[in-house]
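Spelled out, the chains give:
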Amino acid sequence: MNYKEARQYITEKEGLGSVFGLDSIRELLRRLGNPEKGRPAIHIAGTNGKGSILAYVEETLVQAGLNVGRYISPTIYDYRERWKHSKEWASEAEVAETITEVVSVVDEMISDGLPSPTAFEIETAVTFLLFKKWNVDVMLIECGMGGLLDATNVIEADVINVLASISRDHMQILGNTLTEITTQKLGIVRDGSVLISYPQVDEVRDVIDKYCTEHDVKLINVDSSEIEVLESDYGGSHFTYKGEEYSTALGGVSQIYNATVAIEVIREFFKGYIRNSENGITVNTNEDVTDDVTGLIKMGLSKTEWDGRFSVVMRNPLVIVDGAHNEDAWLRLRDSLDKYFTNQKFVFIIGVLRDKEYHKMIDILGPVADYVYAIQSDSPRALTADELRDDFAEAGVETRSCGLDLEQAAEKALERAKKNGETVVVCGTLTISGEMIKCIKSMQS
């Protein structure tokens, strides 16, 4: 297969939808020689912040000279973005070659009367094969959805588990309560392993504490009382954590907490592993984290870039793009807007998916919206721009539908913002965020 053919194959497999369970992915990996084995991993589940936490970890480990593989989903710019080799996307040739390799085994499974693996299962198998080919020192793996039955949940040993912020999303799959959702997320955590957690709400923390006690898990909770914010605005933050000063270039109130999770992850990783120039990663018997690691963390956090997460993509007028796509993320976005822009309203460009609780988004963001340009992505799950316009209008917010025309929405929003001295905020889905960043940067150039 060439790259175009490989992409078409995956698109066709996406028609199978999501099938939760591990039998198919385990059989696929077994037939491929279990490429997921033999190297340490950092595996993260959660509702919001997974990508940001791993971005901090990735940058720091790359700065330390490690050969890092990273798997993310969804992407915002390009299909190849989901596989990263020390921050660089996989090439079209690498993706095509590896998908072809996996497809030959998928065909064998179908011939043997087994169900076809889904697109996500195939992509997960591609991940582990690419990491093996790249001979990475460490694998950074992001759950697609949930945890217990997620296709990435095949890593059995040598893993640090991480829980990002947990809130309500994908309830039709994961459960309607925070307890049910948290239980699914905890499915990635093996007995006797290590878990590092974002500072969760009480209901979530209680479930985590009980699970870790019952399964002999070493639990490291970020201690929010140890965080002191020294300075914070839409361009980044300066804060202390456990007496050390750190800076980030990522805006948004939640990024300080994501950064502290990353700090704990990196410290724990370097307690167990050290860099050896001849043999790659080797076990470190010294439990003390050196000052050198603290310096690496400071450098890594300050250099981390992660587009589409309260990202400033234009300054005149100011344009902020945030991938907020569920209730908790919309609340965090509103908190950041309130904190950084006192008594100001905004021009929004918004597109959402129909299966999200978008009426809550309207309740949360509507009160600070001067005007909304409603758009829709090309996803089959997208709410139409006309429907979104009507819902905002019902809430008393003046709105214009721009359909699928993102360029029109950008032009109109920028024109209005320049005239009225307003700030433009793009949000709703990560897909919309990526397309809008490309659109606005193209207009700037």
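Everything numeric here is computed off the predicted structure, so don't read it as measured data.

Student: Explanation requested: the overall build of the chain in the structure shown.
Tutor: Scanning the chain from N- to C-terminus turns up 15 helices and 19 strands. Taken over the C-alpha trace, the chain has a radius of gyration of 22 Å; the compact-globule value for 445 residues is 22 Å, and the two agree within 12%. If one aligns the C-alpha atoms of the chain with their principal axes, the spans along those axes are about 60 × 55 × 45 Å. Burial status across the chain gives 56% buried among its 445 residues. Within the chain, residue pairs in contact and separated by at least 24 positions form 73% of the contacts whose partners lie at least 6 positions apart. Charged side chains in the chain number 46 positive and 72 negative. The centres of these two groups are separated by 2 Å.

Student: Explain the packing of aromatic side chains here, please?
Tutor: According to the stated counting rule, one finds eleven aromatic pairs in the structure shown. Considering the side-chain rings of Phe341 and Phe346, the 5.6 Å spacing of their centres and the 85 degrees angle between planes classify their relative orientation as edge-to-face. With relative accessibility at 8%, the residue Phe341 sits in the buried group. Grouping aromatic residues by their ring pairs yields a cluster made of Tyr234, Phe341, Phe346 and Phe348. A cation over a ring is seen here: Arg7 above Tyr79, with NZ or CZ 3.9 Å from the ring centre.

Student: Please clarify how the nonpolar core should be interpreted in this entry.
Tutor: One recurring pattern in soluble globular proteins: nonpolar side chains tend to sit buried together. In this structure, Ile42, Val57 and Leu61 are the most contacted members of the largest nonpolar core, which totals 39 residues. For this core, the secondary structure elements donating two or more residues are strand 1 (41-45), helix 3 (50-63), strand 5 (138-142), strand 6 (159-163), strand 7 (194-197), strand 10 (236-241), helix 9 (254-272) and helix 10 (291-303). Considering every element that reaches this core, the biggest residue donor is helix 9, with nine residues. Excluding its chain neighbours within four sequence positions, the residues that come into contact with Leu61 are Ile42, Leu66, Val68, Val138, Leu140, Phe269 and Phe270. By size, the runner-up hydrophobic cluster in this structure holds 38 residues, among which are Tyr71, Tyr79, Ile99 and Val126.

Student: Is there a simple way to think about the pairing of strand 17 (residues 369-374) in this case?
Tutor: For a regular strand, side-chain orientation follows a simple rule: the groups alternate between the two sheet faces. Most of strand 17 is tucked away, with five of its six residues classed as buried. Taken together, strand 16 (residues 346-350), helix 12 (residues 358-365) and strand 17 constitute a β-α-β crossover, and its handedness is right-handed. Following the backbone out of strand 17, through helix 13 (residues 385-394) and into the adjacent parallel strand 18 (residues 399-401), one traces a crossover that is right-handed.

Student: Before we go on, may I ask you to explain the confidence of the model for the chain in this structure?
Tutor: In this model, the chain carries an average pLDDT of 90, and 94% of its residues clear a pLDDT of 70 or more. Segment residues 275-289: pLDDT under 50, and 26 contacts once partners within four positions in sequence are set aside and those in other chains are kept.

Student: Would you explain the sheet that holds strand 10 in this entry?
Tutor: Strands pair in a sheet through their backbones, by hydrogen bonds, and they do so in one of two ways: parallel or antiparallel. Here we have three strands laid out as an open sheet, ordered 9-10-11, and antiparallel in their pairing. On the outer flanks of this sheet lie strand 9 (227-233) and strand 11 (244-248), each paired with one strand and no other. Across this sheet, the average inter-strand angle for adjacent strands is 15 degrees, counted without regard to direction. Looking at chain direction, strand 10 and strand 11 are connected through five bridges and run antiparallel. Along strand 11, the bridge assignment pairs Thr240 with Glu245. Against the sheet, helix 9 contacts strand 9, strand 10 and strand 11, and its axis sits at roughly 50 degrees relative to strand 10.

Student: Mind showing me how you'd approach the sheet that holds strand 16 here?
Tutor: The six strands are arranged 14-15-19-16-17-18 in an open sheet whose pairing can be described as mixed. The sheet terminates laterally at strand 14 (311-315) and strand 18, the two strands that pair on one side only. The mean inter-strand angle of the sheet, taken between neighbouring strand axes irrespective of direction, is 20 degrees. Sheet topology note: the strand 16/strand 19 (residues 423-427) ladder contains five bridges and is parallel.

Student: I would appreciate a short explanation of the pattern of salt bridges in the present structure.
Tutor: If charged atoms from side chains of opposite charge come close, those side chains can pair. Counting across every chain of the model gives 26 salt bridges. Between Arg26 and Glu156 there is a salt bridge whose closest N-O contact spans 3.5 Å. In this pair, Arg26 sits in helix 2 (residues 23-31) while Glu156 sits in the loop between strand 5 and strand 6, placing the two residues 130 residues apart along the sequence. The exposure class of Glu156 is partly exposed, given its relative accessible area of 46%. In this structure, Lys87 engages Glu59 in a salt bridge whose closest nitrogen and oxygen atoms are separated by 2.7 Å. Separated by 28 residues along the polypeptide, Lys87 in the loop between strand 3 (83-85) and strand 4 (88-89) and Glu59 in helix 3 bring together distant segments of the chain. It is possible to trace a salt-bridge network through shared partners that takes in Glu27, Arg30, Arg31 and Asp112.

About the cut-offs
- Residues numbered from 1 in each chain as written.
- Predicted model: local features only at pLDDT ≥ 70, side-chain atom pairs only at ≥ 80, totals over all residues.
- Heavy atoms only, no water.
- Helix = DSSP H or I, 4+ residues; strand = E, 2+ residues; numbered from the N terminus.
- Rg over C-alpha atoms; globule rule 2.2 N^0.38 Å.
- Buried < 20%, exposed > 50% of the residue type's maximum accessible area, 1.4 Å probe, protein only.
- Contact = heavy atoms within 4.5 Å.
- Lys, Arg positive; Asp, Glu negative; His and termini not counted.
- Charge placed at Lys NZ, Arg CZ, Asp CG, Glu CD.
- Phe/Tyr/Trp six-rings, centres within 6.5 Å; stacked < 30°, edge-to-face > 60°.
- Lys NZ or Arg CZ within 6 Å of the ring centre and 35° of its normal.
- Core = buried A, V, L, I, M, F, W, Y, C linked by side-chain atoms within 4.5 Å.
- Right-handed = clockwise from strand over helix to strand, strands pointing away.
- pLDDT = per-residue confidence, 0-100.
- Pairing = 2+ DSSP bridges.
- Axes fitted to C-alpha atoms, helices over the stretch in contact; angles between N-to-C directions.
- Salt bridge = Lys/Arg side-chain N within 4 Å of Asp/Glu carboxyl O.

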